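Commentary on secondary and tertiary structure
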Amino acid sequence: MKKKIFSGVQPTGNLHLGNYLGAIKNFVALQEGNDCVYCVVDLHAITIKQDPKLLKSNTLETIATFLASGLDAKKNIIFNQSSVSAHSEFAWILNCVSRIGWMNRMTQFKEKAGNNKENASVGLYVYPTLMAADILLYDSTHVPVGDDQKQHLELTRDIAQKFNNDFNCDGFITVPEPLIQKEFSRIMSLKDGTKKMSKSDPSSQSIISLNDDKENIVSKIKKAKTDSLPLPSTKVELKDRPEAGNLLGIYSNLSENKIEKTLTEFKGKNFSYLKDQLSALIIEKICPIGEEIKKLLNDKNYLISVLNKGTERADLISSIKLKKIHEKMGFLS
Ligand code: AMP
Ligand code: TRP
């Protein structure tokens, strides 16, 4: 059966291997045979202070990354969130459906707000209701995301169910399923295998950016943290070896092989052998994407035309749903 797919990526620059392997690569696979909506979530980005000029260029870069990774602008709806007003309007309604206790459990808020919660934006706190609005406006059945978004997806399901209960309209809001890879769904920092690879990491050495050139990739992988043992032969042995697990996981994911096959390939070998093979594979798979991003960024008019077309299509679908939502709420139109 055709799935209705929705996912979003923040235009906060520096998209990396974690974004690609955890999310964007799946977006590309799902475009065959499904109805897909992919959104650059600029309203989510501003929950943390952004430089307006940079936000604009990062939005274009995120669109360029979608296209360079293989998303077809005709097959999929590709747009930016702030252009379609139904997202913020529905988010407000969902703020009134959601409970403060639910928000208080969100670990991403705790991580992003850090020690100074009093000074975090209110937007950062209600970030998950906007995410729920994104997904639920399109009657999405499946949401491909990296492992770090699992809790937000569970919350989205709770919000959908509560809306249907509160307004006595079972099935009106579709309760979506997360699509999260089973193995190595979280790509970790090259400098610390227990921390996720993240745009906000102060050390650029910990991430492989999709824009990195060959020399950069070789040097970052060469300097990636390791341990002192030879590479293991079983998954069980990977348990307490986060760096080995991460590098082998990246290799498996990029080579489209199961981890068991990768373990067989590298068992007993040392890290430097794995690093040579891994660098070559990253260069083969990622550098062409980086080059295509650069090319696309030279044609801003084309990128804007993709956004405009996507906005028109997203606006049509979401405004119809929002109108029905208003009826359920009892708003006079
Ligand atoms: P963001 O850049 O936070 O908007 O994330 C965009 C997508 O990339 C989301 O689906 C995230 O779950 C995914 N993602 C971000 N970082 C990682 C990571 N280190 N490993 C796997 N997926 C990730
Ligand atoms: N919160 C997601 C992230 O940080 C981005 C996002 C916003 C999203 N809206 C979404 C992802 C809807 C999936 C579906 O990565």
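Structure report, in brief.

Reading the values: rules and limits
Residues numbered from 1 in each chain as written. Chains lettered and ligands numbered in written order. Predicted model: local features only at pLDDT ≥ 70, side-chain atom pairs only at ≥ 80, totals over all residues. Heavy atoms only, no water. Disulfide = S-S within 2.5 Å. Near = heavy atom within 4 Å. Polar contact = N/O pair within 3.5 Å; in protein donor to acceptor, adjacent residues only side chain to side chain. Areas by Shrake-Rupley, 256 points an atom, 1.4 Å probe, with all protein chains shown as cover. Nonpolar A, V, L, I, M, F, W, Y, C, P; charged D, E, K, R; others polar. Helix = DSSP H or I, 4+ residues; strand = E, 2+ residues; numbered from the N terminus. Buried < 20%, exposed > 50% of the residue type's maximum accessible area, 1.4 Å probe, protein only. Contact = heavy atoms within 4.5 Å. Axes fitted to C-alpha atoms, helices over the stretch in contact; angles between N-to-C directions. Parallel < 35°, antiparallel > 145°, perpendicular 65-115°, else oblique. Left-handed = near helix turned anticlockwise from the far one by under 90°. Phe/Tyr/Trp six-rings, centres within 6.5 Å; stacked < 30°, edge-to-face > 60°.

With that settled, consider the state of the cysteines. Disulfides are covalent bonds that link the sulfur atoms of two cysteine residues. Under the criterion given, the structure shown has 0 disulfides. Counting only cysteine sulfurs, Cys-39 is the nearest neighbor of Cys-36, a cysteine outside any disulfide, at a range of 14 Å. In this structure Cys-96 is a free cysteine whose sulfur lies 16 Å from that of Cys-169, the closest cysteine sulfur available.

A separate point is the site of ligand 1. Of all residues adjacent to ligand 1, which total 16 residues, the nearest are Gln-10, Gly-146, Asp-148, Ile-187 and Lys-199. Within the backbone of Ile-187, one N or O atom sits 2.8 Å away from a nitrogen atom of ligand 1. Burial of ligand 1 by the protein amounts to 92% of the accessible area it has alone, namely 490 Å². Residue composition of the shell around ligand 1, grouped by class: 5 nonpolar, 8 polar and 3 charged.

Let us look at the side chain of Gln-149. Position of Gln-149 among the secondary structure elements: in the loop between β4 (142-144) and α9 (150-166). By relative accessible area, which is 11% here, Gln-149 ends up buried. A distance of 3.0 Å separates a polar atom in the side chain of Gln-149 from a polar atom in the side chain of Gln-108. Other than its neighbours up to four places away in sequence, Gln-149 contacts Gln-108 and Met-131.

Viewed as axis vectors pointing N to C, helix α4 (residues 86-97) and helix α8 (residues 127-136) meet at an angle of 120°, and their least axial separation amounts to 8 Å. With respect to α8, the axis of α4 lies oblique. Both α4 and α8 take part in a crossing whose hand is right-handed. Of the residues in α8, those touching α4 at His-87, Ser-88, Phe-90, Ala-91, Leu-94 and Asn-95 are Thr-129, Leu-130, Ala-132, Ala-133, Asp-134 and Leu-136. Across the contact of α4 with α8, the residue classes tally to 7 nonpolar, 4 polar and 1 charged.

Quick look at unusual backbone geometry now. The backbone of Asn-14 sits at a positive phi, close to 60°, despite the residue not being glycine. Mapped onto the elements, Asn-14 comes out in the loop between β1 (4-9) and α1 (17-30). Positive phi outside glycine occurs at Asp-139, with the angle close to 50°. Within the secondary structure layout, Asp-139 lies in the loop between α8 and β4. Overall, the relative accessible area of 22% leaves Asp-139 in the partly exposed class.

We now examine the site of ligand 2. Of all residues adjacent to ligand 2, which total 13 residues, the nearest are Gln-10, Tyr-127, Met-131, Asp-134 and Gln-149. Here Asp-134 contributes a side-chain N or O atom positioned 2.7 Å from a nitrogen atom of ligand 2. The protein chains hide 91% of the 370 Å² of surface that ligand 2 would expose on its own. Every element with two or more residues in the shell around ligand 2 is listed here: β1 and α8.

Here the focus is the packing of aromatic side chains. Within the structure shown, the criterion is met by 11 aromatic pairs. Each ring, one from Phe-90 and one from Phe-163, has its centre 6.3 Å from the other, and the planes form 75°; the classification is edge-to-face. Taken together, the residues Phe-90 in helix α4 and Phe-163 in helix α9 connect sequence positions 73 residues apart. Given a relative accessible area of 0%, Phe-90 falls into the buried group. Summarising the aromatic geometry, the rings of Phe-109 and Tyr-125 are spaced 5.2 Å apart at their centres and angled 75° between planes, so their arrangement reads as edge-to-face. Remark: Tyr-125 occurs in helix α7 (residues 122-125) and Phe-109 occurs in helix α6 (residues 107-113); sequence separation between them is 16 residues.

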